[in-house]
Structures are given as C-alpha cells and as structure tokens.
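Residue-level listing of the chains:
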Amino acid sequence: MTSFKNDIQHFFPYLFEKWGFEFVDITNDHGENVVVVQSSTMRIRFVHDRADFFLDFGRIGEPDRWIEFHKIMDQLIAEGHVHAGYKYSNKIKHVSRLLELHFPEILTSLLK
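Keep in mind it's a predicted model, so treat the numbers as computed, not measured.

Time to look at the nonpolar core. Judged by nonpolar contacts, the single largest core of 27 residues is most densely connected at F12, L15, I44, F46, F57, F69 and L99. For this core, the element with the highest residue contribution is helix α4 (residues 92-110), accounting for eight residues. Those residues in contact with F12 that sit more than four places away from it in its chain are F46, F53, I92, V95, S96 and L99.

Attention now goes to the pattern of salt bridges. Tallying each qualifying case throughout the model produces three salt bridges. Across the salt bridge formed by R45 and D56, the nearest N and O atoms sit 2.9 Å from each other. With a gap of 11 residues between them, R45 in strand β3 (residues 42-49) and D56 in strand β4 (residues 52-59) connect regions that are remote in the sequence. Since its relative accessible area comes to 8%, D56 is described here as buried. In this structure, R59 engages E62 in a salt bridge whose closest nitrogen and oxygen atoms are separated by 3.0 Å. On the basis of relative accessibility, which here comes to 32%, the residue E62 falls in the partly exposed class. Residues joined by salt bridges that share partners form a network here, namely R59, E62 and R65.

Along the chain, L98 turns up in helix α4. Along the backbone, L98 and F69 are 29 residues apart, and their C-alpha atoms lie at a distance of 10.0 Å.

With respect to the helices and strands, S89 occurs in the loop between α3 (69-78) and α4. A polar atom in the side chain of S89 sits 3.2 Å from the backbone nitrogen of K91. Excluding its chain neighbours within four sequence positions, the residues that come into contact with S89 are H94 and V95.

Thresholds, definitions, all that
Residues numbered from 1 in each chain as written. Predicted model: local features only at pLDDT ≥ 70, side-chain atom pairs only at ≥ 80, totals over all residues. Heavy atoms only, no water. Core = buried A, V, L, I, M, F, W, Y, C linked by side-chain atoms within 4.5 Å. Buried < 20%, exposed > 50% of the residue type's maximum accessible area, 1.4 Å probe, protein only. Helix = DSSP H or I, 4+ residues; strand = E, 2+ residues; numbered from the N terminus. Contact = heavy atoms within 4.5 Å. Salt bridge = Lys/Arg side-chain N within 4 Å of Asp/Glu carboxyl O. Polar contact = N/O pair within 3.5 Å; in protein donor to acceptor, adjacent residues only side chain to side chain.

The analysis is restricted to geometry; functional conclusions fall outside its scope.
Quick look at the structure:
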C-alpha cells in the first residue's frame, strides 16, 4: 500500500505543497487501493483498481458523498471553464496534469 501513497505524493505534490492536503485514510481491500486526502475545505479519494485509476471529490461536511472527477470536468466544460477538447483518461499522470491545471475551478464548483 505504501507504493500507492508514494505515487500520490509523486504525481500530486501540489496538493500537499500548495493546497495543504494531508493523508487521512489508506485502505487496501480485494485488490483495490484507496487513499483519501483532505484539506480544510475538501476531500479527494484516489482509487487504484488493477490497471484503472479514479479520482473522486467530497466536501468535508459530507464524508459519504463523492463526486467523480470526470463528472466535475463535464460540468466545467458545460459552463465554459474547461476547453471542450478535454478527453477523459484513467491514467494517473494525465489526471494529475488536469487536476493541477483546473484545481481552482474544481474547488469553486465543489464548494457551490
């Protein structure tokens, strides 16, 4: 499990360095790795299931409610905040770049 946590630190350093996120939950169940980080305003759940990588967002006050990364991105496209050429990917490096590029818009959308 440590390697997935290390992957999160490696590919998403800006979450910890710039946005103040900290690890709060790390689990490994039935071949699926789950890491949760949180800041003062939001939570992010990273899921690695075999070859797939997923990312979900949640509000601090709603710990059991998660919104999928691609659904937030689709909403930002519809609102004109993200270029319509965005293409969904479940690869960690691609997701990291998109999240870093659009994090302020995602944060604003989530906290509405």
